[in-house]
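Tertiary structure, described
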Amino acid sequence: MTDSLTVRDNRTGVEYEVPITDGAIRASEFGKIRTDEDEPGLAVYDPGFTNTASCRSSITYIDGDKGILEYRGYPIEQLAEQSTFLEVAYLLIHGSLPTKAEYDAWEHEITFHTFVHENIKSFMQGFRYDAHPMGMLMASVGALSTFYPDASNIADADIRNLQIVRMIAKMPTLGAWAYRHAQGKPYIYPDNDLSYTGNFLSMLFKMSETKYAGDERIVKALDTLLILHADHEQNCSANAVRSVGSSQVDPYSAVAAGVGALYGPLHGGANEAVLKMLKRIGSKENIPAFIEGVKAGDERLMGFGHRVYKNYDPRAKLIKKACDDVFEVTGVNPLLEIAQELEKIALEDEYFVKRKLYPNVDFYSGLIYEALEFPPEMFTVLFAIGRTPGWLAQWLELVQDKEQKIARPKQIYTGERRLDFVPAAQRWA
Ligand code: CMC
């Protein structure tokens, strides 16, 4: 068997041999197919990149049909159960699990970079009282590039590593302060005696007590949620980070683009949208009418469906399990009943079955976040904090990949050509 594709251009009768490597062909090979030397070569049209690989990557493996997710080869189920978010972050960034000494150094570095410049605080205080925390996070992580101008030297491995540590360390500080801002509460400084997730909870919820100690079961559940969100290969926000990063801008600016992409309701914003949807449905009796509306195309069942998973999202399974642990501490979220009933009906309904629409990571996570007393606007911020090591691992891979170029897709131009401009004074006369 030859690993190649024979393409015959029926316009010219010419045949082309296109090599196949790793189950893919290079789109540039099609650029050689042309009817005339002066004509542009054949382009590949793929809105939303549904069948286009943009990179080679060794970070995250997904088999959407089988519902498999692995970070650097390790199954998500094992990592969620037995690892910690900081260890997973190390794994994603460095490619292998840390030794004891490596982990201790990593934890120490991250812990001692959690503080931000005081000017960041005054900058954040300038937002309106009702500013969405994702807007605040996007702006403040982008603003970090002005505090660390050295970050623009992306060719230096030590400088790159320093920005990675800074960003993983500071994202919880920025996210927590965005939350406190909306609450009109004072911003809480990091407590470096606490774990990564324990400190995040302290910055969110501490009031007048000298030390904030979160319930260990809650700390563990939130840490697990961060692990589940840590990377998901070439999703919309990773693609945004890579696309912006391909201009060789500093990593803060690239990650700010990722935060912007995640904000949207079809991506990370879906967890917030799920909760609002469940509240709108209100009770089990209203579910059939809601489902009919979805099937009629009036709206989407948020938290369902995925570009890659055509099976149960493995993260959704693990989150469902985490729900039990959290509800043991907080009491059951009454919306759980509606969510479970919605899932049951949707999984049996032909519309959803035929389209292979299953619950995704966002379907149950909002219920946990709400039980932890996060307002819906904060849900996507939690996702962003979890996703930061993934974005940075993708960025690091990009800047070290010699095959990568500035991202610049083609277009198929459908507009007018060569119109004669008539000045306004004449047109309006
Ligand atoms: N509710 C109802 N119908 C749906 C849904 C849904 N949630 N998702 C897809 N469909 C239908 C869609 O209308 C289309 O039907 P038809 O073939 O009749 O036109 C078919 O299923 C295929 O959908 P698509 O929009 O072509 O699929 P896509 O791969 O472009 O979109 C998606 C993937 C995640 C954007 C989409 O499933 C969706 O909008 N889901 C709801 C939002 C959501 O939960 N997003 C979170 C995704 S997971 C975490 C993350 O990435 O942040």
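Anyway, here's the lowdown on the structure attached to this text. Quick caveat: nothing in here was measured; it's all calculated off a predicted structure.

**A few points about the pairing of strand S4 (residues 68-71)**
Side-chain alternation along S4 places Leu 69 and Tyr 71 on a buried face and Ile 68 and Glu 70 on a face that remains uncovered. Pairing between strand S3 (residues 60-63) and S4: four bridges, direction antiparallel. In the sheet register, Asp 63 faces S4, and the bridge partner there is Ile 68. In textbook terms, the turn of a hairpin is the stretch between consecutive antiparallel strands, and for S3 and S4 this stretch comprises four residues, one of which, Gly 67, has a positive phi near 70°. Relative to strand S5 (residues 74-75), S4 runs antiparallel, the two sharing two bridges. Residue pairing in the sheet places Glu 70 in a bridge with Pro 75 of S5. In sequence, S4 turns back onto S5 through a hairpin of two residues, with Arg 72 there showing a positive phi of about 50°.

**Considering the nonpolar core**
Formed by 118 residues in total, the largest nonpolar core has its most connected members in Tyr 71, Trp 106, Met 277 and Leu 342. In terms of residues, this core owes the most to one element, helix H18 (residues 379-400), which gives 12 residues. Dropping the residues within four chain positions of it, Trp 106 is found in contact with Leu 86, Ala 89, Tyr 90, Ile 93, His 94, Ile 164, Val 165 and Ile 168. If you look at the next biggest cluster of nonpolar residues, it comprises five residues, including Val 7, Val 18, Phe 30 and Ile 33.

**Focus: the sheet that holds S3**
With antiparallel pairing, three strands are arranged side by side in an open sheet as S3-S4-S5. A single partner strand is all that each edge strand has here, and the edge strands are S3 and S5.

**Concerning the site of the ligand**
Lining the immediate surroundings of the ligand are 20 residues, of which His 267, Arg 300, Leu 301, Gly 303 and Arg 307 lie closest. Here an oxygen atom of the ligand and a side-chain polar atom of Arg 300 are 2.7 Å apart. At 2.9 Å, a side-chain N or O of Tyr 351 approaches a nitrogen atom of the ligand. Starting from 930 Å² of accessible surface for the ligand in isolation, the protein chains cover 72%. Partitioned by chemical class, the residues of the shell around the ligand number 10 nonpolar, six polar and four charged.

The rules behind each value
- Residues numbered from 1 in each chain as written.
- Predicted model: local features only at pLDDT ≥ 70, side-chain atom pairs only at ≥ 80, totals over all residues.
- Heavy atoms only, no water.
- Buried < 20%, exposed > 50% of the residue type's maximum accessible area, 1.4 Å probe, protein only.
- Helix = DSSP H or I, 4+ residues; strand = E, 2+ residues; numbered from the N terminus.
- Pairing = 2+ DSSP bridges.
- Core = buried A, V, L, I, M, F, W, Y, C linked by side-chain atoms within 4.5 Å.
- Contact = heavy atoms within 4.5 Å.
- Near = heavy atom within 4 Å.
- Polar contact = N/O pair within 3.5 Å; in protein donor to acceptor, adjacent residues only side chain to side chain.
- Areas by Shrake-Rupley, 256 points an atom, 1.4 Å probe, with all protein chains shown as cover.
- Nonpolar A, V, L, I, M, F, W, Y, C, P; charged D, E, K, R; others polar.

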